Amino acid sequence: MLSWLSTLGSPSPRVAWYTGSEEDAALERFWRHVVAALRVADPELVPSPDELDVADDPARMTAALDRIILAIGERLDPDVLPTARAAAPEVSSTDGLVIVLDDLHATIGNPDVAASLQYFLRYLPAGVHVVTTSRRSLPIPLARMRVRGELVELIEDDLRLDSDGIDGLFSRSGIGLTPEDLASVGALTHGWPTGCRLVAMMCGDGSPDSVTRALARARATMGDYLFEEVLLDLPASLRSFLMQMSVVDSFCPSLACAVTGRAPDEVAACIGELLDGSLFVERVEHEGDEDWYRYQPLLSELLRARGGGPEAAGARLACQAARDWFEPAGYFDAAAELSASLGDFEAIRHLIRQRWRDLYMSDAHGVLVRWASFLPEAEVLISPYVCAVLAMPLALHGETERARRLIVHAVEHLRDNEDFLLAFCMAQQAFLASFRADAPSMRHYAGRALAYLPEDEYYLRGMMLQVQASSYMHDAPLRARELLVAAVDEQRAFDNDNLTCSALGNLALLCANMGYLDEAAFEANRAMSLYPREWRDRKPMLGYSWLALALADYARGDYESALACIAAFDRAARGGVAPEIAAEAGALRAKALQRMGDGAAAEELARALELDEIGAAGSLPDMALLAAMPAVVRGRISCRAAGGDLRSVRILGFACAALADAPMDLEACNEAGRLADGVDPDERALFVYAHVVAAVLCEHGACTQAAERHLGVALRHARSCDLSFLVAENAPQLETVLRRLLVSSQETGAVAFARELLAGASGTSTGTAGELAAEAQAPLTERETDVMRLIAAGMSLSEAAEAIVVSRETVKKHLANIYAKLGVHSKMQAVALLRERGLI
């Protein structure tokens, strides 16, 4: 425990440490000690026990606990109030509190202490860790805490010694183990510290020969030791009970009755005798009306080996009895695992067919993937229905090619009059098409599925409506938005939170990507409100909502909050998410890191682009970030854009082209302009970004008037839609055009905005608008005009210098002055601008 605390960093968190004893089992005495420990950790953390009215009365104690909890929360972070969109907090070493309850088994036997501790744990504020040690399982709802991700347990497996631990134990006894001997000890003892110690004691003088002899003796006697020392003296009835129940990892009395065929009182007597004798059996949790128990793993292996393994007649009958109890009791995972050990693959297929709807609707696709892992591929292919069920869960977990093969197999083996299976296959084809962002296929397969699905198959029908809407996200997002709004209204009537959450999340992310940020946050928070706060970063269906909130935070300039929401997205996405969405989240993380000056931003964007170019392009990366990307990734985007892919990817390709060193041809500038003009202004974000990119590209290609027009459009739209950040983050690449707009624009608002952007781009004051205008309007001298006429005629610097009888360096100085006055960076741009103004 002390070693763990030493790893928490410096300065370390506040630590309140209390070691329990039998004398402290009274309610008042227990909490007086805990409060005293809290006050030692921080004198201002909580009031004194007398002020809190700590008492033996449970009702008064609950009131005291409320005051303790509130006092801790105010002391740790008095300013933070929870919001519907707050990410799960990360506890830092500097502001957290660790409460250590050592030897808790000595006091937790008092039901009042157990109930009060359960209440305390349930309402503790964020930033508090409670660490307990106990020789027995705790009478508090650990199963619920596990499900919510609020519990970290160290049990036998965690305390088992690894290779380094075994080597260290033998070294401290003066015994050096060869790698082969070390592996043998690990295989023999499974890291059981007592077993390792037993082998070490047999090693004599520690010479290689004595180690070899000790291993031989231990190998021959370890099982005998356990069997003789633990089991041999037990009554035959109790040994038989242990052997029968070894087929399961844990058991409760009713399960034991089903497996052994014994009456409840006999089972209770056996369990009581095992616990009283400390015979490698422990109570692990209380669920429903029963306690659950398990064996020490080494004992389980011994018992299974002595029982002849799963193929033995007695063990097989016990496995079948346990499986037949688990399934109707709702322990489907355990039933599937036992069916696999029995080789009963039809039972697993039956379980998949019976349970898939509930697992789909509860967003538990990983369970189906786990059950599929129990089936050899040939056993999966036996059932086209099972193939169809497994397609989407496998795709969500990255096995898209296998998912495709299963659907093809299912379709090829359809029989007549299997309309539902046909519709199901079409629905899965639509899902798989969505992973490829294949909009035509999404619409085709979703439409066919809806034509065949029964009217009461509301979950699949609801998902197909969402797939249809999503198929328009890239080429007709306004249509997608309209369909998703209708889907939300329709699916709320189905009264399934996951289905409603999915529709709201899709709508929220679409709105965020289109630049409707307030609407996006509203819909995302509607989705969040469907679940308790502690579930929100563990529900895959909420991943889209977290990403929508991250986009909204980024637009407001709250980059830390955006990163926190992306971290919550990552946690939710562990349940599976389409590559396009994961790529968009990665690209947005890169943008936020770029704004915060983190050098890892370019690598993050490169990874996102490698994952999915369409998703990464959806984040509308700024050009400073694109400029830092590896050339190979920029080239990849440009090649895909040249192939006429989605608009966002094509626009990103033009942005990469604008950053290239090669001269830009006029056709590329015109095409970028046509693409920007073709975006519907109601697609706010893409419309602004497209015109910003077109402005940069046209400026690079010396199409200065076009550059000014596109930037003027972007400025006006960005200001009216509160999307100024899309122009501001690209201001360094727009500086010359912005300076010219200060002179040419007649719009007061646009001029003020341009001036503000110039200040941000340079990091310094840009002077008054009049000063900037005067600088931009400074006329060229006669000699500077002569130089530009010669350059426009195609002369080199040396030829121009010879023509006006000056040095080449003088011509270069003239050009530098000309560039500064015109606000350009190249001879091509200067010539184009002067020709537009009729000056040469």
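Residues numbered from 1 in each chain as written. Predicted model: local features only at pLDDT ≥ 70, side-chain atom pairs only at ≥ 80, totals over all residues. Heavy atoms only, no water.

**Concerning the pairing of strand β6 (residues 290–295)**
Reasoning step 1: In this structure, strand β4 (residues 250–251) lies alongside β6, joined through 2 bridges in antiparallel fashion. When the bridges of β6 are listed, F251 appears paired with Y293.
Reasoning step 2: Pairing between strand β5 (residues 281–287) and β6: 6 bridges, direction antiparallel. By the bridge assignment for β6, E282 is matched with R294. (Pairing = 2+ DSSP bridges. Helix = DSSP H or I, 4+ residues; strand = E, 2+ residues; numbered from the N terminus.)

**Quick notes on the sheet that holds β6**
Reasoning step 1: The 3 strands lie next to each other as β4-β6-β5, forming an open sheet whose pairing is antiparallel. With one partner strand each, in any of the chains shown, β4 and β5 form the two edges of the open sheet.
Reasoning step 2: Of the strands in this sheet, β4, β5 and β6 are in contact with helix α12 (residues 236–245), which crosses β6 at around 90°.
Reasoning step 3: Together, β4 and β6 form the strand contacts of helix α13 (residues 253–260), whose direction differs from that of β6 by roughly 65°. (Contact = heavy atoms within 4.5 Å. Axes fitted to C-alpha atoms, helices over the stretch in contact; angles between N-to-C directions.)

**A short note on the environment of A832**
Reasoning step 1: Summarising the element assignment, A832 is placed in helix α47 (residues 827–836).
Reasoning step 2: Since its relative accessible area comes to 17%, A832 is described here as buried.
Reasoning step 3: Sequence spacing of A832 and C703 is 129 residues, and the spatial spacing of their C-alpha atoms is 7.0 Å. (Buried < 20%, exposed > 50% of the residue type's maximum accessible area, 1.4 Å probe, protein only.)

**A look at helix α21 (residues 384–396)**
Reasoning step 1: The largest bend in α21 is about 35°, located at L390, with the proline P393 one to four residues further on.
Reasoning step 2: Counting buried positions over the 13 residues of α21 gives 13, a clear majority of the element.
Reasoning step 3: Looking one or two residues past α21, G398 carries a phi angle of roughly 90°, positive in sign. (Bend = angle between axes of the 7 residues up to and from the residue.)

**Looking at helix α4 (residues 58–76)**
Reasoning step 1: Along its 19 residues, α4 runs 27 Å from first to last C-alpha, staying within 8% of the 27 Å computed at 1.5 Å per residue.
Reasoning step 2: In this fold, the buried residues of α4 make contact with β1 (14–19), α2 (27–41), α3 (49–52), β2 (97–102), α5 (111–122) and β3 (128–132).
Reasoning step 3: Of the residues flanking the start of α4, the one acting as N-cap is D57, its side-chain oxygen 3.2 Å from the backbone nitrogen of A59. (Expected span 1.5 Å × (residues − 1). Polar contact = N/O pair within 3.5 Å; in protein donor to acceptor, adjacent residues only side chain to side chain.)

**Some details on the confidence of the model for the chain**
Reasoning step 1: A residue-level look at the chain finds 86% of positions with pLDDT of 70 or above and a mean pLDDT of 83.
Reasoning step 2: Below a pLDDT of 50 lies the segment residues 80–94, which in the model reaches 32 contacts outside its immediate sequence neighbourhood of four places, other chains included. (pLDDT = per-residue confidence, 0-100.)

**Observations regarding the environment of Y445**
Reasoning step 1: Structurally, Y445 is set in helix α24 (residues 439–452).
Reasoning step 2: Filtering out sequence-adjacent residues up to four positions away, Y445 remains in contact with M426, Q429 and A430.

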